[in-house]
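One letter stands for each residue in the lines below.
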Amino acid sequence: MPLFPIRSLLTATALATLTLPLAAQEAVQPENTNAIAANTSVQADRFMVAAANPIAAQIGYEVLDRGGTAADAAVAVQFALNLVEPQSSGIGGGAFLVYWDASTQALTTFDGREKAPMAATPEYWFGEDGTPVGWFDAVVGGRSVGVPGTLKLLETLHDRHGRSDWADLIEPTKALARGGFQVSERMSASIAGAKDRKLDAFPAARSYFFDKTGAPLKTGTLLRNPKFADALELIQRYGSKPFYEGRIAEDIVEAVQTPFNPGILTMADMAAYEVIERPAVCANYRDFEVCGMGPPSSGALTVGQILEILSRFDLPKMGPGVESAHLFAEAAKLAYADRGLYMADSDFVDMPEGLLNDAYLTGRAALINPSQAGGKASAGTPPWQEAMLRSPDTQLERPGTSHFSIVDAQGNIVSMTTTIETGFGSRVMTNGFLLNNELTDFSRAPEADGKPIANRVEGGKRPRSSMAPTIVLKDGQPVLAIGSPGGSRIINYVAKSVIAILDWEMDPQAALDMGHFVNRNGGTDIEAGSDAEELSAGLEAMGHEINVRDLNSGLHAIMITADGLIGAADPRREGVAMGD
């Protein structure tokens, strides 16, 4: 059954005055993860959507309830998230999507990652002094904007797997943009938090996210976005063409060439963008196949390495605790070391064939001392026919991302992680939506110690990502769809939650509620205010450098069982799971 009563969104009048039901209002969480509320798993028989905002989830639910496919619901959910959670994703950004086709029993992935302008060179991020600019100096302005891929991904997905009318899927968000929606507590807090980080640097963003006095919009403010509505109307009528070749493209290029930190994006760059369908990358984990997005994402490979290394240890018998957290952190160190040296856009960079090789990972697992933390890990030497000397990249993505999972009545599944990179992206806004700062996901230095960095900037290249939309199979059938935002920590969040559900047989909501322990080949981060803090003393005694900090994931999971669907939403954000 639905998490809360669903009202028809078929009329523009109802859409324009949409307000959240009580249960949805109670599900909204502030960004601060010290204020976690108790959520419970949601059960359903036919279909389910788990997304980062109650309005978006409700819109997706209605699509599914009217007989739409998971692809249809994904289109509707993403457009809604662009409006009600603009700090995290939207058509000005990029996305990765893992798709299970129930009719063909096949798994595939769609790469909608942003691309560098064709004229970009490895020295793209050098300043006037010939050295790489600072990270935040690179973020703000058009220079950080890559060619957006999300809209083309949605259109491609709908063309191949959609059933509902394209324009109808966009109508709920268009009507809300015209009629207005209430600013959520999380959105208000995000605006306030970004005020001192140049969210008000450009007029369009300043006038939209702040009131006439310059104060951040407060929770409950009725916010309208007529410019976005106008853009959506063009997209309803003409698909992605205006965005990549027409008026919206012209506006994007003009906005990117802002006088402050201007970019070099051109109309030719926009028109040349293509979504790439790629084979899923799958890792064997006990009786399961954990499948996700390959390069340019490092997600599936790094999650896969962590899990395959840990398959050499009896985590099911250990259960959650200091011993298993130690092993997890050590496995993550090894996987992140390989990630930094080898992983990048494989259309531009040769990568080792053997990163998930069984013998190689057996050797990596043997490096772990079960009772003592090691130092910073070095990359290994996986089987590779065309090895070359490289330097590791230490560039880490910042959290400005969202994830949703969807299962429709036919059994089709979408696991999609979507982003504009850091919160509020480049701060450059046009046609009512924000543009990404994805080019800061490239290494700002093209080489180190005379050796090239795999994730350096190159014209037309897609920057490396940690996004890890995941579908888990058992005996060839899907049993779990999961993913999370969280920048470079996404890999840890997803891998840990998969272990909690598969090894420790935790209820999906309990797995998502569980306090985080994270390692990116350095100190071990422990989630402040969570049950994970109880692990700190034991991990320190084993030699871990412990950092207690806010770890704001946004996990959304759907478990597929013989008895139906079980959905869960991360209580650290404002998302919900809904099904029938």
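Since the model is a prediction, treat every value here as computed from it, not as a measurement. (Residues numbered from 1 in each chain as written. Predicted model: local features only at pLDDT ≥ 70, side-chain atom pairs only at ≥ 80, totals over all residues. Heavy atoms only, no water.)

Enquirer: For this particular structure, what's the right way to read the nonpolar core?
Expert: It is characteristic of soluble globular proteins that their nonpolar side chains tend to be buried jointly. Among the nonpolar cores identified, the biggest contains 85 residues, and Phe 79, Phe 209 and Ile 406 are the most heavily contacted of them. Examining the composition of this core, we find that twelve residues originate from one element, helix 4 (residues 70-84), more than from any other. Each residue touching Ile 406, except ones within four places of it in the same chain, is listed here: Met 48, Val 49, Leu 64, Ala 70, Ala 73, Ala 74, Val 77, Asn 412, Ile 413, Val 414 and Ile 558. By size, the runner-up hydrophobic cluster in this structure holds 58 residues, among which are Val 290, Phe 328, Ala 495 and Leu 539. (Core = buried A, V, L, I, M, F, W, Y, C linked by side-chain atoms within 4.5 Å. Buried < 20%, exposed > 50% of the residue type's maximum accessible area, 1.4 Å probe, protein only. Helix = DSSP H or I, 4+ residues; strand = E, 2+ residues; numbered from the N terminus. Contact = heavy atoms within 4.5 Å.)

Enquirer: What should I look at first to understand the sheet that holds strand 9 (residues 288-292) in this one?
Expert: The pairing of strands in a sheet happens through backbone hydrogen bonds and is either parallel or antiparallel. Read across the open sheet, the seven strands follow the order 1-22-21-17-16-9-8; overall the sheet is antiparallel. Only two strands of the sheet have a single neighbouring strand rather than two, namely strand 1 (42-44) and strand 8 (281-285). If you compare each strand with its neighbour and ignore which way they point, the axes differ by 20 degrees on average. Two elements, strand 9 and strand 16 (residues 470-474), share four bridges in a ladder whose sense is antiparallel. Bridged to Cys 291 within strand 16 is Ile 471. (Pairing = 2+ DSSP bridges. Axes fitted to C-alpha atoms, helices over the stretch in contact; angles between N-to-C directions.)

Enquirer: Just to check I follow, could you spell out the packing of aromatic side chains for this structure?
Expert: Remark: the centre distance and the inter-plane angle together describe each pair of aromatic rings, the angle taken between the planes. The full count for this structure, using the stated rule, is 13 aromatic pairs. Among the aromatic side chains, those forming a connected cluster through ring pairs are Phe 228, Phe 243, Tyr 244, Tyr 273 and Phe 433. A cation sits over an aromatic face here: Arg 197 above Phe 136, 4.4 Å from the ring centre. One cation-aromatic arrangement involves Lys 496 over Phe 517; the distance from NZ or CZ to the ring centre is 5.8 Å. (Phe/Tyr/Trp six-rings, centres within 6.5 Å; stacked < 30°, edge-to-face > 60°. Lys NZ or Arg CZ within 6 Å of the ring centre and 35° of its normal.)

Enquirer: Just checking my understanding: could you explain the pattern of salt bridges for this structure?
Expert: Once their charged atoms are close, side chains differing in charge can pair, the charge on each being opposite to the other. One pass over the full model with this rule turns up 27 salt bridges. One salt bridge connects Lys 195 with Asp 200, and the closest N-O pair in it is separated by 3.7 Å. Since its relative accessible area comes to 26%, Asp 200 is described here as partly exposed. Measuring nitrogen to oxygen at the nearest pair gives 3.0 Å for the salt bridge that ties Glu 458 to Lys 461. Glu 458 sits in the buried class, given a relative accessible area of 19%. A relative accessible area of 0% places Lys 461 in the buried class. (Salt bridge = Lys/Arg side-chain N within 4 Å of Asp/Glu carboxyl O.)

Enquirer: Can you help me understand helix 17 (residues 358-365) in this one?
Expert: The α-helix advances 3.6 residues per turn, and as a result positions three or four apart in sequence lie on the same side. Buried within helix 17 we find Tyr 360, Leu 361, Arg 364 and Ala 365. The buried residues of helix 17 occupy one face: seen down the axis, they fall within an arc of 135 degrees. Exposed and oriented more than 90 degrees from the buried face of helix 17 are Asp 358 and Ala 359. (Arc of directions from axis to C-beta.)

Enquirer: Would you explain unusual backbone geometry in this entry?
Expert: It is generally the case that most residues other than glycine have a negative phi and that most peptide bonds are trans. Following Pro 295, the chain continues to Pro 296 via a peptide bond in cis, the omega torsion being 20 degrees. Mapped onto the secondary structure, Pro 296 falls in the loop between strand 9 and helix 14 (299-310). The phi torsion at Glu 421 lies on the positive side, around 80 degrees, for a residue other than glycine. With respect to the helices, strands and loops of the structure, Glu 421 is situated in the loop between strand 11 (413-419) and strand 12 (429-430). In this structure, Asp 449 is a non-glycine residue whose phi angle is positive, near 55 degrees. Relative to the elements of secondary structure, Asp 449 occurs in the loop between strand 14 (447-448) and strand 15 (451-452).

Enquirer: What should I look at first to understand the pairing of strand 23 (residues 576-579) in this one?
Expert: Consecutive residues of a regular strand have side chains that alternate between opposite faces of the sheet. Residues of strand 23 alternate between two faces, with Val 576 and Met 578 on one and Ala 577 and Gly 579 on the opposite face, all of them buried. Note that strand 2 (residues 48-51) and strand 23 share four bridges and pair antiparallel. In the sheet register, Met 48 faces strand 23, and the bridge partner there is Gly 579.

Enquirer: Which parts of the structure should I look at to understand the sheet that holds strand 19 (residues 524-527)?
Expert: Strand order across the open sheet formed by three strands is 18-19-20, with mixed pairing between neighbours. Every other strand in the sheet has two partners, leaving strand 18 (517-519) and strand 20 (546-549) as the edge strands with one partner each. On average, each strand axis in the sheet is inclined to that of its neighbour by 30 degrees, with strand direction left out of account. Alignment of strand 19 against strand 20, held across four bridges, turns out to be parallel. Within strand 20, the residue paired with Thr 524 across the bridge is Ile 546. Contacting strand 18 and strand 19, helix 16 (residues 322-342) runs over the sheet at an angle of about 30 degrees to strand 18.

Enquirer: How should I be thinking about the packing of helix 14 against helix 16 in this particular structure?
Expert: Pairs of packed helices are described in terms of their axes, by the angle between the two and the distance that separates them. Closest axis-to-axis distance for the helix 14/helix 16 pair is 9 Å, and the angle between their directions is 140 degrees. The pairing of helix 14 with helix 16 is recorded here as oblique in orientation. Seen from above, helix 14 lies across helix 16 with right-handed handedness. Counting all contacts with helix 14, which are made through Thr 302, Gln 305, Ile 306, Ile 309 and Leu 310, the residues of helix 16 involved are Leu 327, Phe 328, Ala 331, Ala 332, Leu 334, Ala 335, Tyr 336, Asp 338 and Arg 339. Residues that form the contact of helix 14 with helix 16 fall into these classes: ten nonpolar, two polar and two charged. (Parallel < 35°, antiparallel > 145°, perpendicular 65-115°, else oblique. Left-handed = near helix turned anticlockwise from the far one by under 90°. Nonpolar A, V, L, I, M, F, W, Y, C, P; charged D, E, K, R; others polar.)

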